[in-house]
Structures are given as C-alpha cells and as structure tokens.
Protein chains: 2
Amino acid sequence: MADRTLLTGEPANTHDEIMFATYEALQKHGYAGLSIQRIADESEHTKSTFYHHFDGKEDLLLSFAEFILENFQRAFEYESSGDPERDLKLFLGLLLGEYGDGDESDTDEMLGAYIELRSQAVRNEAFRETFTRTSDQYVDHLAGIIEEGIDQGVFDEVDPQATAGFLLTMADGAILLKTTRTDDPMAQLHAEIETYIDHEVVADA
Amino acid sequence: MADRTLLTGEPANTHDEIMFATYEALQKHGYAGLSIQRIADESEHTKSTFYHHFDGKEDLLLSFAEFILENFQRAFEYESSGDPERDLKLFLGLLLGEYGDGDESDTDEMLGAYIELRSQAVRNEAFRETFTRTSDQYVDHLAGIIEEGIDQGVFDEVDPQATAGFLLTMADGAILLKTTRTDDPMAQLHAEIETYIDHEVVADA
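Cut-offs and rules
Residues numbered from 1 in each chain as written. Chains lettered and ligands numbered in written order. Predicted model: local features only at pLDDT ≥ 70, side-chain atom pairs only at ≥ 80, totals over all residues. Heavy atoms only, no water. Helix = DSSP H or I, 4+ residues; strand = E, 2+ residues; numbered from the N terminus. Rg over C-alpha atoms; globule rule 2.2 N^0.38 Å. Buried < 20%, exposed > 50% of the residue type's maximum accessible area, 1.4 Å probe, protein only. Contact = heavy atoms within 4.5 Å. Areas by Shrake-Rupley, 256 points an atom, 1.4 Å probe, with all protein chains shown as cover. Lys, Arg positive; Asp, Glu negative; His and termini not counted. Charge placed at Lys NZ, Arg CZ, Asp CG, Glu CD. Expected span 1.5 Å × (residues − 1). Polar contact = N/O pair within 3.5 Å; in protein donor to acceptor, adjacent residues only side chain to side chain. Salt bridge = Lys/Arg side-chain N within 4 Å of Asp/Glu carboxyl O. Least-squares fit on C-alpha atoms with pLDDT ≥ 70 in both. 1 Å grid on protein atoms, 1.4 Å probe; cavity = no way out; pocket = protein on both sides within 12 Å on 5 of 7 lines; lining within 4 Å. Points joined across faces, edges and corners; volume = space filled by probe spheres on them. Nonpolar A, V, L, I, M, F, W, Y, C, P; charged D, E, K, R; others polar. Phe/Tyr/Trp six-rings, centres within 6.5 Å; stacked < 30°, edge-to-face > 60°. Axes fitted to C-alpha atoms, helices over the stretch in contact; angles between N-to-C directions. Parallel < 35°, antiparallel > 145°, perpendicular 65-115°, else oblique. Buried area = accessible area lost by both parts, 1.4 Å probe. Left-handed = near helix turned anticlockwise from the far one by under 90°.

### Concerning the overall build of chain A
On a plain count of helices and strands, chain A comes out with 9 helices and 0 strands. Each helix (α) and strand (β) of chain A, taken in turn from the N terminus, gives the series α-α-α-α-α-α-α-α-α. Its C-alpha atoms give chain A a radius of gyration of 18 Å, near enough to 17 Å, the size a compact globule of 205 residues would have. Out of the 205 residues in chain A, the part that is buried amounts to 55%. In chain A, the proportion of contacts linking residues at least 24 apart, taken out of those at least 6 apart, comes to 62%. Of the roughly 9000 Å² of accessible surface on chain A, 44% is carried by carbon and sulfur atoms. Within chain A, the 44 negative side-chain charges are centred at a point lying 10 Å from the centre of the 14 positive side-chain charges.

In structure tokens form, the structure reads like this:
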C-alpha cells in the first residue's frame, strides 16, 4: 500500500475506501492506465460496489478530484498566527507541497495527480467547474489573509482578490513545472514567490 | 478542416501531414479519445503509413508535442525592436496566446492541447525531457532580452535566468488557469505580469 501521509487517517467508509483505492491505482498505473477494474483491485470491494457508488469512471474521477482538493484544504485548517506575513507564506508553502512533515515523494505524487486531473478540465466541463470552485476558495482564503494584513497596516493597500489570484497563479505554475520537468525548480520558484510578497505586498518598514 | 492559423501554411511532407491530422483529431476527440485510426481518418493516409513513420501512438504524440512547441517558437522569430521592455512584453504576450491576429478560439485550442500534452510529462520521461528542453529555450530567449535591457541601463540588475524562469512560470500558470477554468482570467493575469515587469525589472525612470 502507498504511504498515506497526505490521505490522513484510515478510510471512514466505503466512499473513502474507493478514494484511497483510486489514489493507489493512479500511482501504479497513471491516469491513462486507470480502469474501474484496476481501482477495484486496490480495494476489498468488487466492481459492482464501484458501480453502485458511481455512474462510471468519469464520475468516480470527478469525485476523486474533489476528494484530493478537500484533502489539500484540510491541510490549510490551521489557526491564524496573528501575523499575516507568516500566514500568507505558510499557506503558499502548503500549496507548493511543503508540509514540513511526511514523505516528500508522496507529496510529489499528490501534486502530479493534481496536474493530471486538472488537465482533464481542458475538455470536461464538470472538472472545470470543480477546479474553478476550489481555486476560488483558495483565493478567498489568501485574500482574507491579505485583508487582515492591510487592516493591521503591515501590508500595502493592494487589491486583495487580484493579488491572491495572481499568487495562486504563480503557485499553479510552479506546481506545473515541478511535476513536468526533469529537474526540480520548486525551491527557487518558492523563493521568487516570497520575494514577490516582500516587494509587492508587505509594507516597507 | 480546422482553422490552421497557428499551424502556418500547408503541410510540406508526410510528417507534417500527420501532424496536422493529429491536431485535427485532438480537437475533435480530445486527448483521451485519440487513436491512430482516428488520426488517420483526418488525413489521406492509411494506418500503415502512420506505423511506417512512428513506433506507435506515444511516439506520434511526442513528435506532435515537439511540433506544436516548434510552432509556438516560430511565432517568436521576430526581429528585436531594440526596445527591451517592448520585446519582453511582446514575447510574453505571444506565450499567453495573444498573437494579435488569427482566430482566438484556435489559440485557445492550441493552449488547451499544450496543457493536455504537458500533463503527460507527469509520468512520461520522454515528454518531460521535451518540455524541459523547450522551456529552457524560451527561458534563454527571455533572459537574452533581459540582459540586453540591463546592458542598455533600462532594466534593474536582476538575475536574467532566474527572472526569465519566474516569468515563464507565471505564463504557464496563467495558461493552466485559462484552459481549465469556467471563466477566462487571462486579461487580468496578463496585466499582473506586466505590472511585475514594470515594478521588478524595468529601472525607475
């Protein structure tokens, strides 16, 4: 079984069991090699259980996309430190896969699965809606931190939503590069994003 | 037949004919629905011609990835205007699909195909190498413009390669968002990238 660092805890019900099995089949066979049979092979359920829960492979994968996005989001449910600069950099670090604990290769797998699933949205309206809705939640969270920083007078009076959207675009670009290049440019890109925050968001001392 | 605005001119040989047919089959069936038969159906060649030129579907799609990347690159073969700020913004505009002429929906298709092909690199080493090599060429081109700006004293003394890499990351992030969201955030993101250039690259007057 794959390391479940990011899929926290044990699956609570059949739906979660199917999600874990999908994650394991995805790691083993890649997106193009996924089938209901191969996902069933990673679980203790039969194919008929899968068809009882989902209309088919596309429906299952859409649920899986929502599942990993919610999983990412659980990582963000930390208490505000009261320091907006620290909160902003921490949240972006989490988005970029720097959880600080857990297995790094597991994080890479999760980011790779995210890009494979997200690319389905090029032609699939349901995926497109899911990723738009979830991205907007991330943007709202980032914008809330930026507003707090402006209120405290520690951030410049930037447009919170526009700045948050641009930061998330940089993060998505960095994840795309990390998961599809032969080298790993993440450390450098993360530093560039932090410099952007220092120059464009944080108020001059 | 699809609009060939971005696939300039008529195919010069059988290889190019196969590339055009692949592009048309991709538009019609999406990445997941591609097969050698469906690509052959878009051309005047039989399947056996395809197998004469390529080892199989993966080999053909890898060639197609190189073909569209070269096609993008052809768009960049313009003369330097002598104004580095203008050249830098023009090149980024081209990367973001703002060719200024041609059919916009055709550009969207090409950017969508780029994201679908690039996501194959998550698990396919050959795709990963192709995209790394081509991205590095784009970065070198951007870095050359930035060096010219520094030499002319119109840009700050930034690190040309690091700045170019970060600009390309922003552009890739913007393309990922444009092709996988229900709205089209490109105009706003393009403006944010130009503001970044104004603030972080262009020297204060």
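### Notes on helix 5 (residues 84–95) of chain A
All names here are of chain A. With 12 residues, helix 5 extends 16 Å from end C-alpha to end C-alpha; this agrees with the ideal 16 Å at 1.5 Å per step. A large share of helix 5 lies buried, amounting to 9 of its 12 residues. Where helix 5 is concerned, the buried positions are P84, D87, L88, K89, F91, L92, G93, L94 and L95. Backbone nitrogen of E85 and a side-chain oxygen of the N-cap are separated by 3.1 Å at the start of helix 5; the cap is D83. Where helix 5 ends, the next residue or the one after it, G97, has phi of about 90°, a positive value.

### Quick word on the pattern of salt bridges
When the charged atoms of two side chains lie near each other, side chains of opposite charge can form a pair. Following the criterion strictly, the structure yields 22 salt bridges over all chains and no others. As a salt-bridge pair, A:K89 and A:D198 come within 2.7 Å of each other at their nearest N and O atoms. Here A:D198 lies in helix 9 (residues 186–200) and A:K89 lies in helix 5, a separation of 109 residues in the sequence. Here A:E109 and B:R123 are joined by a salt bridge, their closest N and O atoms 3.9 Å apart. Placement of A:E109 in helix 6 (residues 104–120) and of B:R123 in the loop between helix 6 (104–120) and helix 7 (125–152) is noted, with the two residues assigned to different chains. We classify A:E109 as partly exposed; its relative accessible area is 26%.

### What to know about the side chain of B:T179
Considering the arrangement of structural elements, one finds B:T179 in helix 8 (residues 160–180). Polar side-chain contacts of B:T179 include one of 3.2 Å to the backbone oxygen of B:L176.

### Quick look at the relation of the copies chain B and chain A
Between the two copies, chain B and chain A, the superposition gives an RMSD of 0.0 Å; the rotation angle is 180° and the shift along the axis is 0.0 Å. Each copy turns onto its partner about a two-fold axis. Across chain B, the smallest distance between a C-alpha and the rotation axis is recorded for B:G173, namely 1.8 Å. A shared binding surface is used by both copies, with 100% of the interface residues of chain B retained as interface residues in chain A.

### Description of the layout of surface pockets
Quantified by volume, the largest pocket comes out at close to 720 Å³. Along its surface, the largest pocket is lined by 27 residues, and A:Y31, A:A32, B:Y31, B:A32 and B:Q120 are the ones closest to its centre. Of all the secondary structure elements, the ones that give two or more residues to the lining of the largest pocket are helix 4 (57–75) and helix 6 of chain A together with helix 4 (57–75) and helix 6 of chain B. Per-class residue counts for the lining of the largest pocket are 8 nonpolar, 11 polar and 8 charged.

### Things to note about the packing of aromatic side chains
Scanning all chains against the criterion turns up 12 aromatic pairs over all chains. Members of the aromatic cluster, connected to one another through ring pairs, are A:F20, A:Y23, A:F64 and A:F67.

### Structural notes on the packing of helix 8 (residues 160–180) of chain A against helix 9 of chain A
The angle between the axes and the distance between the axes are what describe a pair of packed helices. All names here are of chain A. Their axes nearest at 10 Å, the elements helix 8 and helix 9 cross at an angle of 170°. On the basis of their axis angle, the class for helix 8 and helix 9 is roughly antiparallel. On helix 9, the residues touching F166, L167, M170, A171, A174, I175, L177 and K178 of helix 8 are M186, L189, I193, Y196 and I197. Residues that form the contact of helix 8 with helix 9 fall into these classes: 12 nonpolar, no polar and 1 charged.

### Quick word on the interface of chain B and chain A
With 42 residues of chain B at the interface, the matching set in chain A holds 42 residues. Summing the contributions of chain B and of chain A, the shared interface buries around 3600 Å²; its carbon and sulfur component is 57%. For the chain B face of the interface with chain A, the top three residues by lost area are B:R123, B:F166 and B:R181, together amounting to 18%. B:E116 is the partner of A:R123 in a salt bridge, and the nearest nitrogen-oxygen pair spans 2.7 Å. Counting every contact that joins chain B to chain A gives 17 residue pairs in polar contact (both at pLDDT 80 or more). When residues of the side of chain B that touches chain A are traced back to their parent elements, those giving at least two are helix 1 (14–29), helix 6, helix 7, helix 8 and helix 9 (186–201) of chain B. In terms of residues, the side of chain B that touches chain A owes the most to one element, helix 8 of chain B, which gives 13 residues. Of the residues belonging to the side of chain B that touches chain A, the class tally is 15 nonpolar, 15 polar and 12 charged.

### A few points about the packing of helix 5 (residues 84–95) of chain B against helix 9 of chain B
Residue and element names in this part refer to chain B. Running from N to C, helix 5 and helix 9 cross one another at 155°; their axes reach a closest spacing of 11 Å. Taken as axis vectors, helix 5 and helix 9 run roughly antiparallel relative to one another. As helix 5 runs across helix 9, the sense of the crossing is right-handed. From helix 5, E85, L88, K89, L92 and G93 reach across to helix 9, where they touch H190, I193, E194, I197, D198 and V201. Among the residues forming the contact of helix 5 with helix 9, the class breakdown is 5 nonpolar, 2 polar and 4 charged.

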